Amino acid sequence: MSEAEQVVERTEAPAAPGDDRGGLARGRRVVLAVVGGAALMAVGGLLATTLVKSPAQVAAETGPPAQGALTADVEWRVLAQTVVMRGTVVADQSVAVSPQGVRSGEGAGAALVTKLPLKAGDPVTAGQLIAEVSGRPVFTLHGAQPMYRDLKPGATGDDVAQLQQALRELGHGTGGDAKGVFGAGTKAALAARYRAIGYEPLPAVADGGAALKSAREAVRSATWAVEDASSPTGPAGAPAEGGSGKGGATPGPGATASPGVGSGPGPGAIAGSGRELARARQSLGEARAALAAAEAADGPMLPTAETVFLGSFPARVSSVGARAGSPVAGPVLTLSGGELVVEAYLKDDKRQLLRAGMTVVISSELSGTDVRGKVAVVATERSAAQPAGAQPQQDPGQNPKGGGSGGTGGGGADLGYRMVVSADQPLPAGFAGQDVRLTIESAATDGEALVVPVTAVSAGTDGRTVVTAVSAEGTQRRIEVRTGTTGDGFVAVTPAQAGALAAGTKVVIGVAPRETRGKTK
């Protein structure tokens, strides 16, 4: 056969058996691909039906669910009503020293600060020199009563007794002076105190001693008059009245001459001599009384402007308001003494809630410290801010525990009712001047009691006060109660039926979104 015939024969030859199997495999793959695509389309359709929602369906699903009960547990504890406010830590006695009316001698002008040995923060002890004004000292003494008058020899009163006690505490005895009487012993003690700080006291009688000198001369003259009237020779060595001496001496004054040698005095002479002696003795008594009065009035005095009484020591200088050479136009310095207390001012609403003796928690945010204390004083009158430049030397209402009933000042802004809180333990020195938080228990239950939130209590149409208890299954029941002390959003309750309410029971205080709602019983 030729090559062309061989090629044609090979081309027309039938397929081998292996070629039939390859076609069937291809067919199966096509069928599987079609089935898989259909399955994917079915799944995609199902997913689309779950994710794609109509507007009506979206609105239905986003609507508010059914409301359920919001509950809280009944508690068994002490319930206290508290008042929270701010206060400032200050010393329990603060005195603005403004020495007005200093007596510095003749020709003195306006009062000037001539020495100021202290600065703010310095400690102050009793008897210490704290300032000098126009050459005169200002020093401290121990006592709760403020100075309100100059104390001079012969004065009496409680303020004199306070001065005597203060001088004795400094080691200056007052001798035999009675309590509250400014006598010779008190004069000596006061003069010693002035000398101890390097000054001489001012005289109580500023006449250079003229009155005392005059009184002494009067006593001397009266004494001589009594001696002359009682002398047998009469005044200036003359013979006795009505008598005759040797050598025919002439009769003395007031004698009646009678004839004959050795004649005795007449009745008129004797009467005149007696009257002169009695009058001379009377004049002597009066002169001695005047001298005693002059001596009692003479001596050192304690001017109001030269001393400051503080209730406790050591004290400290809170502030200095002047410098050497400046005129005295207000407080030269302010002294603080005693323990630290907290001062606050109340408005009318809080004034009605608070009273002395209530428990207080004093909280310092700076140090993170809490200190317990009590309300010491609540003023009965409103206080006003002191106008600038009008501070007194001492506040007569001060006492060692920050007392005083308050009172309105002259033209200052209204501050409210002054309240003073004292700590059970002394406040740390670092509290001084701080603005602190006061939490005051204005009311409390007598021991532990059942307590629920105020919103748990409601009044029914029958007028009964009830709470609604919720069981573990969600069933609700109304329990009649009597209410008591309220405070901090809670109220003490007592069930009308004993045992009907216990600690841990859940009570309804409001409504909250929930899928189901419990049954009401």
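You'll find the structure just up there.
Throughout, residues of each chain are indexed from 1 in the direction in which the sequence is written. Confidence filtering applies because this is a predicted model: local features only for residues at pLDDT of at least 70, side-chain atom pairs given and counted only at 80 or more, and all residues used for totals across whole chains, interfaces and linings. Based on all heavy atoms of the structure, the side-chain values leave hydrogens and waters out of the count.

Draft legend 1. Looking closely at the overall build of the protein chain. Each helix is a run of H or I in the DSSP string that is no shorter than four residues. Each strand is a run of E no shorter than two, and both are numbered from the N terminus. Per the secondary structure count, the protein chain includes eight helices and 20 strands. Any residue under 20% of the maximum accessible area for its type is buried, any over 50% is exposed, and the rest in between are partly exposed; the area is computed with a 1.4 Å probe on protein chains only. Taking all 521 residues of the protein chain together, the buried fraction comes to 34%. By the convention used here, residues are in contact when the closest approach between their heavy atoms is within 4.5 Å. For the protein chain, the share of sequence-separated contacts (at least 6 apart) that also reach a separation of at least 24 residues comes to 73%. Carbon and sulfur atoms form 56% of the exposed surface of the protein chain, whose accessible area is close to 29,100 Å². For the accessible areas, the method is Shrake-Rupley and the probe is 1.4 Å, while residue cover comes only from the protein chains on display.

Draft legend 2. Layout of helix 6 (residues 210-230). Multiplying 1.5 Å by the residue count of a helix minus one yields the expected span of that helix. Helix length check: helix 6 (21 residues) gives 31 Å between terminal C-alpha atoms against 30 Å at 1.5 Å per residue, within 8%. When helix 6 is considered as a whole, its buried residues turn out to be Leu212, Ala215, Val219, Ala222, Val226 and Ala229. Burial along helix 6 is one-sided: seen end-on, the buried residues are contained in an arc of 115°. The exposed residues of helix 6 that point more than 90 degrees off its buried face are Lys213 and Trp224. Note that the arc is defined by the directions from the helix axis to the C-beta atoms.

Draft legend 3. The pattern of salt bridges, seen in detail. In the sections that follow, a salt bridge refers to a side-chain nitrogen of Lys or Arg positioned within 4 Å of a carboxyl oxygen of Asp or Glu. Counting across every chain of the model gives 13 salt bridges. For the salt bridge of Glu343 with Arg418, the shortest nitrogen-to-oxygen distance reads 2.6 Å. One end of the pair, Glu343, is in strand 10 (residues 333-346); the other, Arg418, is in strand 13 (residues 414-423), and 75 residues separate them in sequence. Across this residue pair, the class does not change: Glu343 and Arg418 are buried.

Draft legend 4. Structural detail: the sheet that holds strand 8 (residues 307-310). Across the sheet, four strands lie side by side as 4-6-7-8; this open sheet has mixed pairing. Two strands bound the open sheet, and with one partner strand each, they are strand 4 (113-115) and strand 8. Each strand axis lies, on average, 30° off the axis of its neighbour in the sheet, ignoring direction. As paired strands, strand 7 (residues 136-142) and strand 8 are joined by four bridges and run parallel to one another. Bridged to His142 within strand 8 is Leu310. Two strands make a pair as long as DSSP finds a minimum of two bridges between them. Structural elements are reduced to axes, namely lines fitted to C-alpha atoms, with helices fitted over the stretch in contact, and the angle between N-to-C directions of any two is expressed from 0 to 180 degrees.

Draft legend 5. Molecular detail of the packing of aromatic side chains. Two aromatic rings from Phe, Tyr or Trp, using only the six-membered ring of Trp, form a pair when their centres are within 6.5 Å; if the ring planes differ by under 30 degrees the pair is stacked, by over 60 it is edge-to-face, and anything between is tilted. Taken as a whole, this structure holds one aromatic pair when the rule is applied. Aromatic side chains Phe139 and Tyr194 sit 5.4 Å apart centroid to centroid with 85° between the ring planes, which places their arrangement in the edge-to-face category. Placement of the pair is Phe139 in strand 7 and Tyr194 in helix 5 (residues 184-196), with a sequence separation of 55 residues. For Phe139, a relative accessible area of 0% translates into the label buried.

Draft legend 6. Region of interest: helix 5. In this model helix 5 runs 19 Å from its N-terminal to its C-terminal C-alpha over 13 residues, within 8% of the 18 Å that 1.5 Å per residue would give. Turning to helix 5, its buried residues number three or more, namely Gly185, Thr186, Lys187, Ala189, Leu190, Ala191, Arg193 and Tyr194. Looking one or two residues beyond helix 5, the residue adopting positive phi is Gly198, at roughly 90°.

Draft legend 7. Summary view of unusual backbone geometry. A cis amide bond, omega 0°, links Phe313 with the succeeding residue Pro314. Here Pro314 is to be found in the loop between strand 8 and strand 9 (315-320). Despite not being glycine, Ser134 shows a phi value in the positive range, around 50°. Counting through the fold element by element, Ser134 comes out in the loop between strand 6 (129-133) and strand 7. Unusually for a residue other than glycine, Asp488 sits at a positive phi of about 55°. Tracing the backbone shows Asp488 in the loop between strand 18 (476-487) and strand 19 (490-495).

Draft legend 8. View of the pairing of strand 12 (residues 369-384). The pairing of strand 11 (residues 359-364) with strand 12 spans six bridges and is antiparallel. Among the inter-strand pairings, Ile362 is bridged to a residue of strand 12, identified as Val371. Following strand 11, the chain reverses through four residues before pairing antiparallel with strand 12; Gly368 in that reversal takes a positive phi of roughly 70°. Where strand 12 meets strand 13, eight bridges bridge the pair, whose relative direction is antiparallel. Within strand 13, the residue paired with Val375 across the bridge is Val421.

Draft legend 9. Expanded view of the pairing of strand 9. The pairing of strand 5 (residues 123-124) with strand 9 spans two bridges and is classified as antiparallel. Each residue of the ladder has a partner; that of Pro123, found in strand 9, is Arg316. Two strands pair when backbone bridges link them, and strand 9 and strand 10 are joined in this way by five bridges, in the antiparallel orientation. Considered in strand 10, the bridge of Ala315 is made with Gly337.

Draft legend 10. Representation of the side chain of Gln434 within the structure. Along the polypeptide, Gln434 turns up in the loop between strand 13 and strand 14 (435-444). Definition of a polar contact: a pair of N or O atoms within 3.5 Å, with one able to donate and the other able to accept a hydrogen when the atoms are protein atoms, and with sequence-neighbouring residues admitted only if both atoms are side-chain atoms. Here the side chain of Gln434 touches Ser364 through a polar contact of 2.5 Å, side chain to side chain.

Draft legend 11. Summary view of the environment of Val342. Assignment of secondary structure puts Val342 in strand 10. Accessibility expressed as a relative area gives 0% for Val342, which makes it buried. Remark: the alpha-carbon pair of Val342 and Leu438, spanning 96 residues in sequence, is separated by 8.9 Å. With residues up to four places along the chain from it excluded, the contact list for Val342 reads Gly87, Thr88, Val89, Ile362, Met419, Val420, Val421, Leu427, Val436 and Leu438.

Draft legend 12. Quick peek at the environment of Arg323. Mapped onto the elements of the fold, Arg323 is located in the loop between strand 9 and strand 10. With relative accessibility at 60%, the residue Arg323 sits in the exposed group. Here the alpha-carbon distance between Arg323 and Val113, two residues 210 residues apart in the chain, equals 6.8 Å. Those residues in contact with Arg323 that sit more than four places away from it in its chain are Val113 and Leu116.

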